Every structure is written in structure tokens, then in C-alpha cells.
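Each chain is listed here by its residues.
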Amino acid sequence: MKKVIGYALSGAVAGAVNGLLGAGGGMVLVPLLTLFQDLEDSRVFPTSVAIIFPICFVSLCMSPGLADLPWLAAWPYLVGAVPGGLLAGILSTKIPVKWLHRVLGILILYGGIRYLC
């Protein structure tokens, strides 16, 4: 029962961060998955993506400006995101998980410092 509560709270925190900030739920989830799940390190990032994908969809549907989404402004990013995601998926199997965690930590710190200053 304790694990189920930890899972639910982790999902709630990730959903709240993602919904409030428009992103970032995955950055919260990776450490929480490491804490609450007995996942192999190589499974933490894909599991986070599998959880975040539907959370992003729900956040999008709850967006107050849903009817006026700037699809034309988003399109160029989506065109680059698909090959970028494919390349990252291939490379992530070749990069040690320890380094993926470090890169994530650096990105979190950089983003936090940038938003505070």
C-alpha cells in the first residue's frame, strides 16, 4: 500500500508541475521513479516518458487557450522534434545511464538558475 501511495503522489506531483509550468513533469519523475520503483537504470527514462506523454495530453486539453493554440508557430519545432527524438532514442542506448542522469541534473540546475536570475 505504501508503494501505491508513493506512485500516486509521484504522478500527482509530475502532473501538477507539468500542468502549472507547461513542462517539467519528467524532470520531477526521474528522481521519483528512482526512489519508488525497482527499475533498472536503463528503464527509468523510458518509463518517465510513458508517464509524461498522457500527462502532457491532459495538460494540453486543460489549457485555457486550447481553441487558439498556435499550431503554425509550433510546426517548425515539431518537424525538428521527431528526428531529434529518434536520434536521442538511438543514442540513449549507447550512453551510460549515469551520464544521462548527470546531463538531466545539469539541465535542471541551468534552467533553475536561469529562471531565478
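Quick look at the structure, then.

Definitions and limits used
- Residues numbered from 1 in each chain as written.
- Predicted model: local features only at pLDDT ≥ 70, side-chain atom pairs only at ≥ 80, totals over all residues.
- Heavy atoms only, no water.
- Core = buried A, V, L, I, M, F, W, Y, C linked by side-chain atoms within 4.5 Å.
- Buried < 20%, exposed > 50% of the residue type's maximum accessible area, 1.4 Å probe, protein only.
- Helix = DSSP H or I, 4+ residues; strand = E, 2+ residues; numbered from the N terminus.
- Axes fitted to C-alpha atoms, helices over the stretch in contact; angles between N-to-C directions.
- Parallel < 35°, antiparallel > 145°, perpendicular 65-115°, else oblique.
- Left-handed = near helix turned anticlockwise from the far one by under 90°.
- Contact = heavy atoms within 4.5 Å.
- Expected span 1.5 Å × (residues − 1).
- Arc of directions from axis to C-beta.
- Nonpolar A, V, L, I, M, F, W, Y, C, P; charged D, E, K, R; others polar.
- Polar contact = N/O pair within 3.5 Å; in protein donor to acceptor, adjacent residues only side chain to side chain.
- Patch = residues over 30% accessible without salt bridge, like charges linked within 9 Å, V, L, I, M, F, W, Y side chains within 5 Å.
- Areas by Shrake-Rupley, 256 points an atom, 1.4 Å probe, with all protein chains shown as cover.
- Salt bridge = Lys/Arg side-chain N within 4 Å of Asp/Glu carboxyl O.
- Phe/Tyr/Trp six-rings, centres within 6.5 Å; stacked < 30°, edge-to-face > 60°.
- Lys NZ or Arg CZ within 6 Å of the ring centre and 35° of its normal.

**So, the nonpolar core**
- Of all hydrophobic cores here, the largest spans eight residues; its members are Ala14, Leu29, Val30, Leu33, Val44, Ile52, Ile55 and Leu104.
- Counting residues per element, the ones that place at least two in this core are helix H2 (25-36) and helix H3 (41-62).

**Examining the packing of H3 against helix H5 (residues 97-116)**
- Two elements in contact, H3 and H5, have axes whose closest approach is 8 Å; the angle formed by their N-to-C orientations is 45°. Between H3 and H5, the angle falls in the class oblique. As H3 packs across H5, the resulting crossing turns out to be left-handed. Together, Asp41, Ser42 and Phe45 of H3 and Val97, Leu100, His101 and Leu104 of H5 make up the contact between the two elements.

**A short note on H5**
- If you check H5, its first and last C-alpha atoms are 28 Å apart, about what 20 residues at 1.5 Å a residue would give, namely 28 Å.
- By the burial criterion, the buried members of H5 are Val97, Leu104 and Gly111. One side of H5 carries all its buried residues, which in axial view fall inside an arc of 50°. Residues Lys98, Ile106, Leu109, Tyr110, Ile113, Arg114 and Leu116 are exposed on H5 and point more than 90 degrees away from its buried face.
- If you follow the buried residues of H5, they end up packed against H2 and H3.

**A word on the packing of H2 against H3**
- Packing of H2 against H3 brings their axes to within 9 Å, and their N-to-C directions diverge by 130°. Comparing the axis directions of H2 and H3 gives the class oblique. Here H2 runs over H3; the crossing is right-handed. Within the contact between the two elements, H2 uses Gly25, Gly26, Leu29, Val30, Leu33 and Thr34 and H3 uses Val44, Phe45, Thr47, Ser48, Ile51 and Ile52.
- Considered class by class, the residues forming the contact of H2 with H3 number seven nonpolar, five polar and no charged.

**Quick look at the side chain of Asn18**
- Considering the arrangement of structural elements, one finds Asn18 in helix H1 (residues 2-21).
- A distance of 3.5 Å separates the side chain of Asn18 from the backbone nitrogen of Gly25, its partner in a polar contact.
- Excluding anything up to four places from it in sequence, Asn18 contacts Ala23, Gly24, Gly25, Ile55, Cys56 and Ser59.

**With respect to a nonpolar patch on the surface**
- Residues Met1, Val4, Ile5, Tyr7 and Leu9 make up a contiguous nonpolar surface patch of about 540 Å² in total accessible area.
- Within the secondary structure, Leu9 sits in helix H1.
- Look at Leu9 and you get exposed, because its relative accessible area is 53%.

**Some points on the packing of aromatic side chains**
- Summed over all chains, the structure comprises zero aromatic pairs.
- Stacked on the ring of Trp99, the Lys or Arg Arg102 has its end atom at 4.7 Å from the ring centre.

**Concerning the environment of Gly6**
- Among the structural elements, Gly6 can be located in helix H1.
- Overall, Gly6 belongs to the buried group, its relative accessible area being 4%.
- With 50 residues separating them along the chain, Gly6 and Cys56 place their C-alpha atoms 21 Å apart.

So far we have only geometry, and geometry alone does not tell us how the molecule works.
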